[in-house]
Amino acid sequence: MIVAERKPFDEIKTALAGCRKVFILGCDTCVSVCMAGGKKEVGLLASQLRMSFKKDGKDIQIDEDTVERQCNREYMELVLSRLQDYDLVVSMACGAGVQLLADLSEPLQILPGVNTRFIGMTPQDGTWEERCRACGNCILGETGGICPVTVCAKGILNGPCGGTDHGKCEVDKDKDCAWTLIYHRLEKMGKLDNIRKDFPPRNHLVQCHPAKQVHEVYKGE
Amino acid sequence: MKPEIVIYCCANFSAVSEEDAEKIIPEDHAVLRISRLPCSGRTDVLYLLRSIEAGATMTMIVGCPEGQCQFVEGNLRARMRVRYANRLLAEAGLGEDRIQMVNIAPGDGIAFAAALRNVVARAREIGPL
C-alpha cells in the first residue's frame, strides 16, 4: 500500500488563512490503513482545526467526509457536487488522489493534507516499512521475496557489496544487509544457487515518468 | 461557569455512577458526564478530541492499574492514546493536559475521589475552550 504521513498542523492551518468554508476529504484505502488520511484522521484534523480557529476567534466552517478511494473517478463522482461551494478542499489522499481531485474539481483550490512517502507494508501495528520502489522489473521470484532494489541501501542487483558486516549494512549499522537476508532466505528455500545468478542492469526505460498503463481490453481496435 | 468533565471509565470500575461522582463534586461545582467503556483500551483519540470540541473542559480516563488490565495492555494503549490526543490539542493551541489518564484499582473510591477533585480543580484553572 501507499504510505503517507499527515502534514504538520501549522502548515495546514496557515494554508487555510483567508478561507471561510473548508472541506476535508479523506481516502479510506491506503492512507486509512497507515493512519494518515482515513475517516478517523479526517475527523481528528477537522476537530483540531475547528477548535483552533474557535480559540483564535475566527469563524471558519470546516466540513468533512471520506470516500472509498480518491484515486478512482467512480468514487470521486459521488462527492464532487458537494465541494463546489467551498473555498478550499484539503485532500488527505496520496499524491495520486490529490491530483485526480484537482483534475475533476477544477478550478477549485486543493491542498494536500498528507505527504506521500512510499509503497510499504506493515511489519507490526503502527509501523510501516518501504518494500517496493515500483521499478517495473520485479525480480522477487529470484531473490526469495526480498527486494534488493528497496531493502539494499545501494539498490544493487548483484550483491552483497563489500560493505556488508555481520549481516548489517555499512550505510547504517542498524539496517540489515539486504543481500545477507536474501542469502539466508534462499538457503531456507533450497534455492541458494539463485545467489550465483547475474542480473543484467535494470531497464530504466520502463520507469519513464509519468508512467501510463492501459489494460488490453480497454485499448480498443 | 461550571466546568464540564467527561469521564471515560473502565467497566471494571463499576462502583462509579454520576450520582456517586456528584457526592464527591457537588452538582453546582461541575457538570460530570460518565461514559463506561468495556476497557480503557477502548478509548479512541477521536472520542477524546470530540468531547473537548463539544464543550468539555477536560476529559478523564479511568483505567485499571498498569499490569492489572484484564485485556493485558488495554490501559497501556489508553495511556498512549491520551498522550497522542493531548499532543493534538497542544498543536491546536489548547494546552496539553486537558485529557488526563488515571489508573485506579476497581472499587478504590478514595483514589477516584482524589483524582476527580484534581481534575475539577485543573479544569477551573484552564477554563473551557
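All values derive from a computational prediction rather than experimental measurement.

**Student:** Lay out the overall build of chain A with the relevant residues and their values.
**Tutor:** When helices and strands are counted, chain A shows eight helices and nine strands. Taken against the 2.2 N^0.38 rule, which gives 17 Å for 221 residues, the C-alpha radius of gyration of chain A at 22 Å runs more than 25% over that of a compact globule. Across the 221 residues that make up chain A, the buried fraction comes to 38%. Considering only intrachain contacts with a sequence separation of at least 6, the fraction spanning at least 24 residues in chain A is 59%. Summed over its atoms, the accessible surface of chain A is roughly 13,100 Å², and 49% of this surface lies on carbon and sulfur atoms. The averaged location of the 31 negative side-chain charges in chain A is 3 Å from the averaged location of its 29 positive side-chain charges.

**Student:** I'd like to hear about the environment of A:Cys177, residue by residue, with values.
**Tutor:** All names here are of chain A. With respect to the helices and strands, Cys-177 occurs in the loop between β9 (168-169) and α8 (178-189). Expressed as a C-alpha distance, the spacing of Cys-177 and Asp-87, which sit 90 residues apart in the sequence, is 49 Å. Once residues within four sequence positions are removed from consideration, Cys-177 is found in contact with Pro-160, Thr-164, Gly-167, Lys-168 and Cys-169.

**Student:** Describe empty space enclosed by the protein, listing the residues and the values that go with them.
**Tutor:** Where empty space is left becomes clear once a probe the size of a water molecule has been rolled over the atoms. Residues and elements named next belong to chain A. Under the criterion given, the structure shown has one cavity of 30 Å³ or more. What the largest cavity holds in volume is close to 100 Å³. Cys-152, Cys-161, Cys-169, Cys-177 and Ala-178 are, among the 14 residues lining the largest cavity, the residues nearest its centre. Its residues assigned to classes, the lining of the largest cavity shows nine nonpolar, two polar and three charged.

**Student:** Any chance you could break down the layout of surface pockets for me, citing the residues and the numbers?
**Tutor:** Of the volumes computed, that of the largest pocket is approximately 1,100 Å³. Lining the largest pocket are 32 residues; nearest its centre among them are A:Cys34, A:Met35, A:Glu41, A:Trp128 and B:Tyr84. Breaking the lining of the largest pocket down by element, the ones donating at least two residues are β1 (2-6), α3 (39-55), β6 (114-124) and β7 (127-132) of chain A together with α3 (74-91) of chain B. Taken together, the residues of the lining of the largest pocket break down into 14 nonpolar, four polar and 14 charged. Of the voids in this model, the second largest pocket is the one considered here, and its volume is about 460 Å³. For the lining of the second largest pocket, the secondary structure elements donating two or more residues are β7, α7 (148-151) and α8 of chain A. Partitioned by chemical class, the residues of the lining of the second largest pocket number eight nonpolar, two polar and seven charged.

**Student:** Summarise the nonpolar core; cite the residues concerned and give the values.
**Tutor:** If you look at the biggest cluster of nonpolar residues, it comprises 47 residues, and the most contacted ones within it are A:Leu16, A:Ile24, A:Leu49 and A:Val90. The residues contacting A:Ile24, other than those within four sequence positions of it, are A:Val42, A:Leu45, A:Ala46, A:Leu49, A:Ile62, A:Asp63, A:Glu64, A:Asp65, A:Val90 and A:Met92. Formed by 23 residues, the second largest nonpolar core is a distinct cluster that contains B:Met58, B:Phe112, B:Ala113 and B:Val120.

**Student:** Go over the domain arrangement of chain A, please, and point to the residues and values.
**Tutor:** The figure often quoted for interface size is the accessible area lost as the parts come together. We note that the domain assignment places domain 1 (2-118) and domain 2 (134-207) within chain A. Centre-to-centre, using C-alpha coordinates, domain 1 of chain A lies 38 Å away from domain 2 of chain A.

**Student:** Pulling in residues and values, what's your account of the packing of α3(A) against α3(B)?
**Tutor:** It is the contact of α3(A) with α3(B), at a shortest axis distance of 9 Å, that shows an interaxial angle of 40°. Regarding the angle of α3(A) to α3(B), the classification is oblique. Like other packed secondary-structure pairs, α3(A) and α3(B) cross with a definite hand, here right-handed. Counted together, A:Leu44, A:Gln48 and A:Met51 of α3(A) and B:Tyr84, B:Leu88, B:Leu89 and B:Glu91 of α3(B) form the full contact between these two elements.

**Student:** Any chance you could break down the environment of B:Gly109 for me, citing the residues and the numbers?
**Tutor:** Residue and element names in this part refer to chain B. Mapped onto the elements of the fold, Gly-109 is located in helix α4 (residues 109-126). When its relative accessible area of 39% is taken as the criterion, Gly-109 is described as partly exposed. Distance from Gly-109 to Asp-20, taken between C-alpha atoms, is 9.3 Å for residues 89 residues apart in sequence.

**Student:** Pulling in residues and values, what's your account of the interface of chain A and chain B?
**Tutor:** Taken together, the contacts link 15 residues of chain A with 16 residues of chain B. Together chain A and chain B conceal approximately 1,300 Å² of surface at their shared face, both sides included; 60% is due to carbon and sulfur atoms. Sorting the residues of chain A by area buried against chain B places A:Leu44, A:Gln48 and A:Met51 first, and these three jointly supply 42% of that buried surface. Seen at the junction of chain A and chain B, the total is four salt bridges. When the shortest N-O distance is used, the salt bridge between B:Glu53 and A:Arg50 registers 2.5 Å.

The rules behind the values
Residues numbered from 1 in each chain as written. Chains lettered and ligands numbered in written order. Predicted model: local features only at pLDDT ≥ 70, side-chain atom pairs only at ≥ 80, totals over all residues. Heavy atoms only, no water. Helix = DSSP H or I, 4+ residues; strand = E, 2+ residues; numbered from the N terminus. Rg over C-alpha atoms; globule rule 2.2 N^0.38 Å. Buried < 20%, exposed > 50% of the residue type's maximum accessible area, 1.4 Å probe, protein only. Contact = heavy atoms within 4.5 Å. Areas by Shrake-Rupley, 256 points an atom, 1.4 Å probe, with all protein chains shown as cover. Lys, Arg positive; Asp, Glu negative; His and termini not counted. Charge placed at Lys NZ, Arg CZ, Asp CG, Glu CD. 1 Å grid on protein atoms, 1.4 Å probe; cavity = no way out; pocket = protein on both sides within 12 Å on 5 of 7 lines; lining within 4 Å. Points joined across faces, edges and corners; volume = space filled by probe spheres on them. Nonpolar A, V, L, I, M, F, W, Y, C, P; charged D, E, K, R; others polar. Core = buried A, V, L, I, M, F, W, Y, C linked by side-chain atoms within 4.5 Å. Domains from an automatic or database assignment. Axes fitted to C-alpha atoms, helices over the stretch in contact; angles between N-to-C directions. Parallel < 35°, antiparallel > 145°, perpendicular 65-115°, else oblique. Left-handed = near helix turned anticlockwise from the far one by under 90°. Buried area = accessible area lost by both parts, 1.4 Å probe. Salt bridge = Lys/Arg side-chain N within 4 Å of Asp/Glu carboxyl O.

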